[in-house]
Amino acid sequence: MGNTGSAFCGELCLRTGTGHDGAVTEAGGDSRADVRARIEQAALDLFARKGFEQVIIDDVAAAAGISRRTFFRYFATKADAVWGDFDAHVARLERLLAGTDPRQPVLASVCAAYVEVNDYADADLPVLRERMQLILREPSLLAHSQLRYADVDRVVAEHVARRAACSPGSLVPRLVAVSTRAAATTAFELWLADDRTPLAAQLRASFAQLTEGFPALR
């Protein structure tokens, strides 16, 4: 996502046009992705400056230059704007797991897919940092986060169950799903606290401890 300054606004307005209420309207083509990105960035900026609870949807719409109705075309709640297109993220994780080499150990395949799905371009890291700081540190988002995490856990548990020929609801698939997500979350928390170590390196280090039975404790 780009900056929300006047240059970006001018470019977006040229491509999308302006409605009667002064709000940006879609003109088809690639503009839908641009409007979505604009809403997400406006929401993240407002939440970071004022606090999640202090911002209402009308504030986000105004900052993004859209109407309240347009906001709801993209997001059901303001919490959804924090997560962005998380469904696409989960779907990519599911595809990566489905394409793993069956000769690779199951736990290793899950960890490798986690690393790949969280491989972000350097230009995307500032926005990712804003997003994850809210997700991991904002009390009001914790309940919403559990719903999102459940989608990730389901995908991982189903993959493990296929490989182990058991039910996704049984012990091992559920345990792998929860433990690998916890390892990934810990890596994100460490990266947020100190970005001198790249996110990918934090993820690999976290998963290495998990897959190797915590060698640091031996």
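Cut-offs applied
Residues numbered from 1 in each chain as written. Predicted model: local features only at pLDDT ≥ 70, side-chain atom pairs only at ≥ 80, totals over all residues. Heavy atoms only, no water. Phe/Tyr/Trp six-rings, centres within 6.5 Å; stacked < 30°, edge-to-face > 60°. Buried < 20%, exposed > 50% of the residue type's maximum accessible area, 1.4 Å probe, protein only. Lys NZ or Arg CZ within 6 Å of the ring centre and 35° of its normal. Helix = DSSP H or I, 4+ residues; strand = E, 2+ residues; numbered from the N terminus. Salt bridge = Lys/Arg side-chain N within 4 Å of Asp/Glu carboxyl O. Patch = residues over 30% accessible without salt bridge, like charges linked within 9 Å, V, L, I, M, F, W, Y side chains within 5 Å. Areas by Shrake-Rupley, 256 points an atom, 1.4 Å probe, with all protein chains shown as cover. Expected span 1.5 Å × (residues − 1). Contact = heavy atoms within 4.5 Å.

For the coordinates displayed, the defined rule picks out seven aromatic pairs. Look at Trp83 and Phe86: their rings are 4.7 Å apart centre to centre, the planes differ by 75°, and that puts the pair in the edge-to-face class. A residue is classified by how much of its surface remains accessible, and Phe86, at 9% relative accessible area, is buried. Through successive ring pairs, a cluster of aromatic residues spans Phe71, Phe72 and Phe75. We note Lys78 situated over the ring of Phe52; from NZ or CZ to the ring centre the distance is 4.5 Å.

Mapped onto the fold, Arg38 is located in helix α2 (residues 31-50). The exposure class assigned to Arg38 is buried, which follows from its relative accessible area of 9%.

Taken as a whole, this structure holds 10 salt bridges when the rule is applied. A salt bridge links Arg68 to Asp58; the shortest N-O distance between them is 2.9 Å. A residue pair is termed long-range when its members are at least 10 positions apart, and Arg68 in helix α4 (residues 68-74) and Asp58 in helix α3 (residues 57-64) qualify at 10 residues. For Asp58, a relative accessible area of 38% corresponds to the partly exposed category. Linking Asp195 and Arg129 is a salt bridge whose minimum nitrogen-to-oxygen distance equals 3.7 Å. Separated by 66 residues along the polypeptide, Asp195 in the loop between α10 (171-193) and α11 (199-211) and Arg129 in helix α8 (residues 125-137) bring together distant segments of the chain.

A cluster of nonpolar side chains, Leu171, Val172 and Leu175, forms an exposed patch at the surface whose accessible area comes to about 310 Å². With respect to the element layout, Val172 can be found in helix α10. Residue classification places Val172 among the partly exposed positions, given a relative accessible area of 45%.

With that out of the way, let us pick up helix α9 (residues 142-164). An α-helical segment advances 3.6 residues per turn. Residues three or four places apart therefore align on the same side. Relative to the 33 Å expected for 23 residues at 1.5 Å per residue, α9 spans 32 Å between its end C-alpha atoms, a close match to the ideal helical length. Among the residues of α9, His144, Ser145, Arg148, Tyr149, Val152, Asp153, Val155, Val156, Ala157, His159, Val160 and Ala161 are the ones counted as buried. Against α5 (78-83), α6 (86-98), α7 (106-117), α8 and α10 lie the buried residues of α9. Looking one or two residues beyond α9, the residue adopting positive phi is Ala165, at roughly 55°.

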